[in-house]
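Examining the three-dimensional arrangement
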Amino acid sequence: MSRYRYPRPPASEITPEGVYRRRRELMGLGLASPLLALAGCAGAEDAPAAAAPAPAPTDTPDGFRTRETLTTERDATTYNNFYEFGTGKADPAQNAHTLRPSPWMVVVGGEAEVTGVFPLEDFLRPHAVQERIYRLRCVEGWSMVLPWEGVPLGEVLARFRPTSKAKYVAFTTLAERDQMPGLRWPVLDWPYREGLRMDEAMHPLSLLATGLYGKPLPNQNGAPLRLVVPWKYGFKSIKSIVRIEFTERMPLTSWNQSQPSEYGFYSNVNPAVDHPRWSQASERRIAGDGNRLFANRIPTLPFNGYAEHVAPLYTGMDLRKWF
């Protein structure tokens with residue numbers, strides 16, 4: 001697989017990390033306004049004009065980029081959930097060397113005019129790789145900001161000409177015991193399965209990722225092909241995909257099947273709907289300071305900050321019921 005360079009935005013567009021972190025701290029403590037008021041108490045006639053505040057990190061209009069501080073490559077590749085290689089956060093990085101990401105085949109089936117078994121190279125070849133910087137929010141309450149490379153999921157799916165019966169897309173992960181030691185333990189009903197509604201899958205933000213930090217996707221991050229759906233909790237972004245199937249009915253998904261009261265099919269990031277065992281109102285942002293367990297907490301945004309792009313997909317739905 002070829003290597004892709006990740007083009008960084010110009011320095012003039014990046015909020016200095018120290019300014020960004022300090023502002024977040026003040027907002028979290030509710031101190032920003034009082035400090036600004038105290039600053040105004042200095043002799044106004046003698047005080048120099050205050051410098052304009054640094055702009056907050058923003059997303060591009062299409063949502064494909066955010067200028068929030070990136071998580072370090074080290075954190076992104078050593079702090080993972082990939083239970084096929086163990087349930088500890090460090091287990092995937094330690095154990096995923098047994099995964100063989102090449103050669104790789106993808107099965108496409110179900111309600112589509114074009115189906116079959118495709119080598120990964122043929123599956124991806126018609127599409128130009130794009131760079132996307134997305135927030136990733138884990139259902140466990142931590143988050144990262146990651147630079148992915150990949151191809152738009154909707155463009156790939158359209159090539160197989162799904163029929164009018166195709167209401168959902170189901171995805172399946174590889175399940176090979178000789179490559180995935182975690183399969184020896186019945187943590188879930190293997191293989192791992194996930195799914196999206198067709199309109200979610202066709203949305204421009206949905207990505208089939210093939211790379212991370214300008215390099216081919218590491219094994220522990222879901223090599224060689226994983227899903228990235230930035231407005232949903234991270235477990236929806238299924239890794240090491242070997243099968244894609246168009247279905248008429250809502251497909252079974254692994255965590256929803258295992259614990260339906262805790263993990264809904266949709267799993268949209270929603271700070272107003274708590275997990276039964278913890279709040280979802282805030283998150284630990286793992287942003288490269290080495291502090292994973294006690295990272296500064298920041299407010300969780302509806303749809304992980306992508307509401308303006310995806311909220312219309314759920315118009316009229318009760319998102320407390322369809323969580």
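Scroll up to find the structure this text is about.
Helix and strand counts for the protein chain come out as 9 helices and 12 strands. Taking all contacts inside the protein chain whose residues are at least 6 apart in sequence as the whole, residues at least 24 apart take part in 72%. A total of about 15,700 Å² of accessible surface is found on the protein chain, and carbon and sulfur atoms cover 56% of it.

A word on the pairing of strand β2 (residues 116–119). Judged from the 4 bridges that link them, strand β1 (residues 105–110) and β2 form a sheet pairing that is antiparallel. Its bridge partner being in β2, V106 is matched across the sheet by F118. Between β1 and β2, which pair antiparallel and follow one another directly, the connecting turn spans 5 residues.

With the rule as written, the count across this model stands at 13 aromatic pairs. On the numbers, 6.1 Å between centres and 90° between planes, the contact of Y266 with Y314 is edge-to-face. In this pair, Y266 is assigned in the loop between α8 (254–258) and β11 (282–285) and Y314 in the segment after α9 (307–310), connecting sequence segments 48 residues apart. Y266 gets classed as buried once you look at its relative accessible area, which sits at 5%. Counting every residue linked through ring pairs, the aromatic cluster contains Y168, F265, Y266, F303, Y314 and W322. The aromatic ring of Y79 is capped on one face by K89, whose charged end is 5.8 Å from the ring centroid. Over the aromatic face of Y306 sits the side chain of R135, whose NZ or CZ is 4.5 Å from the ring centroid.

Our focus in this paragraph is the sheet that holds strand β6 (residues 193–197). A sheet is described by the order of its strands in space; here 5 strands give the open sequence β2-β1-β10-β5-β6, paired in mixed fashion. Strand pairing shows two members of the sheet lacking a second neighbour, β2 and β6, which therefore form its edges. Strand-to-strand twist across the sheet, computed as the mean angle between neighbouring axes with direction ignored, equals 20°.

Before going further, it helps to examine the pattern of salt bridges. Enumeration over the complete set of coordinates arrives at 16 salt bridges. Note that D178 is salt-bridged to R100, the shortest N-O span being 3.1 Å. One end of the pair, D178, is in the loop between β5 (168–173) and β6; the other, R100, is in the loop between α4 (91–95) and β1, and 78 residues separate them in sequence. Judged by relative accessible area, which is 46%, R100 ranks as partly exposed. Residues E113 and R161 are paired through a salt bridge, measuring 2.9 Å at the closest nitrogen-oxygen approach. With E113 in the loop between β1 and β2 and R161 in the loop between α6 (153–158) and β5, this pair connects stretches of sequence that are 48 residues apart.

It is worth spelling out the pairing of β5 at this point. Burial within β5 is extensive, with 6 of its 6 residues counted as buried. On β5, burial covers both faces: Y168, A170 and T172 on one face and V169, F171 and T173 on the other are all buried. Note that β5 and β6 share 5 bridges and pair antiparallel. Bridge pairing in β6 places V169 opposite L196. One ladder, built from 6 bridges, connects β5 with strand β10 (residues 241–247); its direction is antiparallel. Bridging across to β10, A170 finds its partner in E245.

Here we come to the side chain of N270. Counting through the fold element by element, N270 comes out in the loop between α8 and β11. By relative accessible area, which is 17% here, N270 ends up buried.

Criteria and cut-off values
- Residues numbered from 1 in each chain as written.
- Predicted model: local features only at pLDDT ≥ 70, side-chain atom pairs only at ≥ 80, totals over all residues.
- Heavy atoms only, no water.
- Helix = DSSP H or I, 4+ residues; strand = E, 2+ residues; numbered from the N terminus.
- Contact = heavy atoms within 4.5 Å.
- Areas by Shrake-Rupley, 256 points an atom, 1.4 Å probe, with all protein chains shown as cover.
- Pairing = 2+ DSSP bridges.
- Phe/Tyr/Trp six-rings, centres within 6.5 Å; stacked < 30°, edge-to-face > 60°.
- Buried < 20%, exposed > 50% of the residue type's maximum accessible area, 1.4 Å probe, protein only.
- Lys NZ or Arg CZ within 6 Å of the ring centre and 35° of its normal.
- Axes fitted to C-alpha atoms, helices over the stretch in contact; angles between N-to-C directions.
- Salt bridge = Lys/Arg side-chain N within 4 Å of Asp/Glu carboxyl O.

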